[in-house]
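# What the coordinates show
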Amino acid sequence: MNCKKTQRKLEAYQGGELSREAHARVEHHLASCAECSRELEHAEHLRVTLARRVTPPVPDGFRHRLMERARRESEKEVGIGKILHPFRGSPVLSSRMRMAVAAGMIVATGIGVLVGVGLWNGGESSRRPTDQAAEAGDYGLDYLAGTPEGSVANAYVRLTSTDQGE
Amino acid sequence: MASDEELMQKVAEGKLDAFGDLVRRHEASAWRIAYHYVSDRAEAEDLAQEAFLKIFNTASRYRPSARFTTYLYRVIANLCVDHHRKKSPRYIAEIPPRESQDDAPDKQLLSGERSITIQGALHELPDRQRMATVLRYYEDLSLSDIAEAMDTSYKAVERLLARARKSLETSLSDF
Ligand SMILES: [Zn+2]
């Protein structure tokens, strides 16, 4: 084993993470190489030095603030549910009014579909699937990239994954 | 006690309590990584919160094939590295907190100076070297865990850490 390779292996060597054979090879090289032995000493010294950096405690209220945000996010999700089931939980509407609302929704949905199809074919305002696949890949969330464009799941992924900006 | 992976299943069912348990277990790790990477408490909190929220929002698609911590490290490492790439920040030394109330003032000063010097040395490292260093020295991850967290090969991690070590040894030679 040469010096370059030995020095690359020092980190895992120190941590006892090498196979028995690899460990023995590094040890063998160290026994006869002053430069690499010095490098090992430096590495040990560096570990001690870095450990002197203080880690401040988790900020007060960190979890509280986080849980508040999560609660708001989950309400957003419930909001999507309400759009999908608009009559659930609104007993105040009379059956006549429900009919009227339903008729209105059908018209609105029809317009929405037409507009949607127009935009879809134009493709200008839709985010390219490849961007989203790349982003999902970045976070090791490859399975997210599999949600079909235009599906509700996909819409949800968009809602929740664009908060970082692009 | 429920495993992290079992808690994630519950989070996927919309259970906020389970999410709270996961946060309680892992907030210190997420915080430590983000803090040592960005060296700014406000930014580190933002990043750690973003990481947990990302996990919360995508829980329904989580598959327990990988350990939860691997997943957490991956999300936080990505957010940190991305964030800094976008922002290309000007590094400003942050005054570190006191180590303990009992220390004599001169000792506190010394430890504060030490922390600032180490902080500065870490900030001179390129993004990925710095992340590998933080995961190794402050989170005690094995090289293979770092490889998974950074979505790279074991060999690449060896190289990142070896290069980082060379630079740090030079910039911290007075210690
Ligand atoms: Zn050698």
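Before reading further, recall that the structure is shown in the block above.
Our subject in this report is the structure included herewith. These figures come from a predicted structure and were not determined experimentally.

Criteria and cut-off values
- Every chain begins its residue count from 1, and numbering advances along the sequence as written.
- Written order decides the labels, with chains lettered from A and ligands numbered from 1.
- Given that the model is predicted, a residue must reach a pLDDT of at least 70 before its local features are reported, and side-chain atom pairs must reach 80 or more before they are shown or counted; all residues, however, enter totals for whole chains, interfaces and linings.
- Note: side-chain values were computed over all heavy atoms of the structure, leaving out hydrogens and water.
- Only DSSP runs of H or I covering at least 4 residues are called helices, and only runs of E covering at least 2 are called strands; the numbering of each starts at the N terminus.
- Here the term buried applies to any residue with accessible area under 20% of the maximum for its type, exposed to any over 50%, and partly exposed to those in between, with areas from a 1.4 Å probe on protein chains only.
- For this analysis, residues touch if any pair of their heavy atoms sits within 4.5 Å.
- Shrake-Rupley sampling with a 1.4 Å probe provides the accessible areas, and residues are treated as covered by the protein chains on show and by no other component.
- Between N or O atoms, a polar contact is any pair within 3.5 Å; within protein, one atom must be a potential hydrogen donor and the other a potential acceptor, and residues adjacent in sequence are included only when both atoms are from side chains.
- A donor here means an N, O or S atom no more than 2.8 Å from the metal, or no more than 3.2 Å when the metal is Na, K or Ca. Since water is not included, a site may seem to lack partners.
- Think of it this way: with four donors and all angles in the 85 to 135 degree range, the site is tetrahedral; with four or six donors, opposite ones beyond 155 degrees and the rest between 65 and 115, it is square planar or octahedral; otherwise it is irregular.
- Working definition: rings of Phe, Tyr and Trp (its six-membered ring) pair if their centres are within 6.5 Å, and the pair is stacked with planes under 30 degrees apart, edge-to-face with planes over 60 apart, and tilted otherwise.
- In this scheme, Lys NZ or Arg CZ marks a charge over a ring once it lies within 6 Å of the ring centre and within 35 degrees of the ring normal.
- We define a salt bridge as a contact between a side-chain nitrogen of Lys or Arg and a carboxyl oxygen of Asp or Glu at a distance within 4 Å.

## Focus: the overall build of chain A
- A count of helical and extended segments in chain A gives seven helices and zero strands.
- In sequence order, chain A lays out its α and β elements as α-α-α-α-α-α-α.
- Classification of the 166 residues of chain A by burial places 28% in the buried group.
- Expressed as a percentage of contacts within chain A between residues at least 6 apart in sequence, the contacts between residues at least 24 apart total 45%.
- For chain A, the accessible area works out to roughly 10600 Å², and carbon and sulfur atoms hold 60% of it.

## Concerning the environment of Thr55(A)
- Note that Thr55(A) resides in the loop between helix 3 (34-51) and helix 4 (62-84).
- Leave out the neighbours within four places in its chain, and Thr55(A) touches Trp31(B), Arg32(B) and His36(B).
- Polar side-chain contacts of Thr55(A) include one of 2.7 Å to the side chain of His36(B).

## A look at unusual backbone geometry
All names here are of chain B.
- The backbone of Ser39 sits at a positive phi, close to 60°, despite the residue not being glycine.
- By the secondary structure assignment, Ser39 is in the loop between helix 2 (16-38) and helix 3 (41-57).
- Its identity as a non-glycine residue notwithstanding, Asp151 has a phi of 55°, on the positive side.
- Residue placement: Asp151 occurs in the loop between helix 7 (143-149) and helix 8 (154-171).

## Some words on the coordination of the zinc ion
Residue and element names in this part refer to chain A.
- With distances of 2.1 to 2.4 Å, the protein atoms coordinating the zinc ion are Cys3 (SG), His29 (NE2), Cys33 (SG) and Cys36 (SG).
- With four donor atoms in place around the zinc ion and angles of 101 to 114° between them, the coordination shape is tetrahedral.
- Read N to C, the donor residues that coordinate the zinc ion are spaced as C-x25-H-x3-C-x2-C. Residue Cys3 is located in helix 1 (residues 3-14), and its partner Cys36 is located in helix 3; the two are separated by 33 residues in the primary sequence.
- According to the relative accessible area criterion, Cys36 is buried, its value standing at 0%.

## Some points on the packing of aromatic side chains
All names here are of chain B.
- For the structure on display, the rule yields three aromatic pairs over all chains.
- On the numbers, 5.3 Å between centres and 40° between planes, the contact of Tyr62 with Tyr71 is tilted. Both residues of the pair, Tyr62 and Tyr71, belong to the buried class.
- One residue, Arg130, lies across the ring of Tyr37, its end atom 4.3 Å from the ring centre.

## Quick notes on the pattern of salt bridges
- Evaluated as defined, the whole model comprises 19 salt bridges over all chains.
- We note a salt bridge from Glu68(A) to Arg71(A), for which the minimum N-O separation is 3.3 Å. Residue Glu68(A) and its partner Arg71(A) are both found in helix 4; the two are separated by three residues, about one turn of the helix.
- Take Arg71(A): its relative accessible area is 36%, and that puts it in the partly exposed class.
- In this structure, Arg25(B) and Asp4(B) form a salt bridge, with 2.7 Å as the shortest nitrogen-oxygen distance. Pair noted here: Arg25(B) is in helix 2 and Asp4(B) is in helix 1 (residues 4-12), with a separation of 21 residues, a long-range link.
- Take Arg25(B): its relative accessible area is 32%, and that puts it in the partly exposed class.

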